[in-house]
Amino acid sequence: MCIRDSNTNTAAVTAAFQLSQNNNLMQKSLTRLSSGKRIVNTADDAGGLAVSMKLNSSINQLNGLSSNIQNAQSFLSVQDGILEGSYDIVSRMSELKILTEDSSKSDADIENYNTEFASLQVQLYQISKETFNGVSLFSTTTNEGNQAIFSGGNANDNTLAVPTTFLGSAGPTVSIHKSALLSALTLDGSNTVLSYQQRSSGKSLAVSISSNVSLLSSYTTSFFTAVIENLSTLRAENGASLQRLNYSLDQTTLEKSKLEAAYGSIMDVDIATETTALAKYSILVQTAASMLAQANSSPNVALMLLG
């Protein structure tokens, strides 16, 4: 047996280095498993980390986009509920008109019908002032400030643009209408729609409390029919916008799920693989520690010779 160079325990130095390396790898596996992330330090995968950050940013933008679309859906749902209620009111008004044409009714009966009719007119007016989160559901002016006219074309509408991609207003949008309810309820003698400003020259089913309430006798059955058709158009317009938003939300949800899958393939740890690696490095750490202890005991042989 040749014993030399006892001042430098090369075996111990090598074992200590291997122990340190294996312990670092075991700690990294423990961190990955405990955090659920494959990349815990930039050095683990610098390129992958850069890609994952961009993907995560897009996912966050899509989260905000989904929230905006859902708010727009709520806006339209509330609006449609009010339009449905308006239809019920107008239907009752139409019924009251028919009831007043009964020759067996006394003047007192007719007056009672007129009282109810006037109350319903005021209710329609108040409905037209409803808001959603402080934003008017129905408008009397266009986006440019001109008078909004029902069925007057896009130039006479008041719309809100809802972006449907994370590009914001630079990308595709869905226009939701602040329905021109007052205009739809205001017609002239030929049942032609008038703007809110022209209401004094026509007949309106919605009047303010301070206005002179028109009696049932001033309306015809065809007037109510025209108004009901207008309300039907407003609801159809509402439904079309809501349908587009539904499709947009579905597309956004699908796109978000695909991006999350791509993000996860980069950032999420493979539990099975990492568990196997942890077991491997745990064994190597124990082995290296044992070999270090063995290497440290080797100089004792030289001491025995000196004795």
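Residues numbered from 1 in each chain as written. Predicted model: local features only at pLDDT ≥ 70, side-chain atom pairs only at ≥ 80, totals over all residues. Heavy atoms only, no water.

1. Focus on the packing of helix α2 (residues 46-100) against helix α5 (residues 221-267)
Right, on to step 1. Between α2 and α5, the least distance of the axes is 8 Å, while the angle of their chain directions is 165°. If you check the angle between α2 and α5, you find them roughly antiparallel. For the pair α2 and α5, the crossing hand works out as left-handed.
Right, on to step 2. In the contact of α2 with α5, the residues fall into 27 nonpolar, 19 polar and seven charged. (Axes fitted to C-alpha atoms, helices over the stretch in contact; angles between N-to-C directions. Helix = DSSP H or I, 4+ residues; strand = E, 2+ residues; numbered from the N terminus. Parallel < 35°, antiparallel > 145°, perpendicular 65-115°, else oblique. Left-handed = near helix turned anticlockwise from the far one by under 90°. Nonpolar A, V, L, I, M, F, W, Y, C, P; charged D, E, K, R; others polar.)

2. A word on the nonpolar core
Right, on to step 1. Counting 50 residues, the largest nonpolar core has Leu-185 and Leu-205 as the members making the most contacts within it.
Right, on to step 2. Within the residue set of this core, elements represented by two or more residues are α2, α3 (107-127), β4 (173-177), α4 (181-184) and α5.
Right, on to step 3. Among the elements that take part in this core, α2 stands out by supplying 14 residues, more than any other.
Right, on to step 4. Ignoring anything within four residues of it in the chain, the contact list for Leu-185 reads Val-90, Leu-124, Lys-203, Ser-204, Leu-205, Ala-206, Phe-223, Val-227 and Leu-231.
Right, on to step 5. Grouped together as the second largest cluster of nonpolar side chains are five residues, Met-26, Ala-277, Leu-278 and Tyr-281 included. (Core = buried A, V, L, I, M, F, W, Y, C linked by side-chain atoms within 4.5 Å. Buried < 20%, exposed > 50% of the residue type's maximum accessible area, 1.4 Å probe, protein only. Contact = heavy atoms within 4.5 Å.)

3. Quick notes on the side chain of Thr-164
Right, on to step 1. Here Thr-164 lies in the loop between β3 (159-163) and β4.
Right, on to step 2. Setting aside residues no more than four positions away along its own chain, Thr-164 makes contact with Leu-65, Ile-69, Pro-172, Thr-173, Val-174, Ser-248 and Thr-252.

4. So, the packing of aromatic side chains
Right, on to step 1. Going through the model one piece at a time under the given rule, you end up with six aromatic pairs.
Right, on to step 2. When the ring of Phe-117 is compared with that of Tyr-219, the centres are 5.4 Å apart and the planes differ by 55°; the resulting orientation is tilted. Taken together, the residues span a long stretch of sequence, with Phe-117 in helix α3 and Tyr-219 in the loop between β6 (203-204) and α5 at a distance of 102 residues.
Right, on to step 3. Relative to Phe-224, the ring of Tyr-219 lies with its centre 5.8 Å away and its plane at 40°, an arrangement referred to as tilted. (Phe/Tyr/Trp six-rings, centres within 6.5 Å; stacked < 30°, edge-to-face > 60°.)

5. What to know about α3
Right, on to step 1. The terminal C-alpha atoms of α3 lie 30 Å apart, and with 21 residues this matches the ideal 30 Å at 1.5 Å per residue to within 8%.
Right, on to step 2. Within the sequence span of α3, burial applies to Tyr-113, Asn-114, Phe-117, Ala-118, Leu-120, Gln-121, Val-122, Leu-124, Tyr-125 and Ile-127.
Right, on to step 3. The inward-facing, buried residues of α3 abut α2, α4, β6 and α5. (Expected span 1.5 Å × (residues − 1).)

6. What to know about the packing of helix α1 (residues 10-35) against helix α6 (residues 271-297)
Right, on to step 1. Between α1 and α6, whose axes approach to 8 Å, the crossing angle comes to 155°. The orientation of α1 with respect to α6, classified from their angle, is roughly antiparallel. The interaxial crossing formed by α1 with α6 has left-handed handedness.

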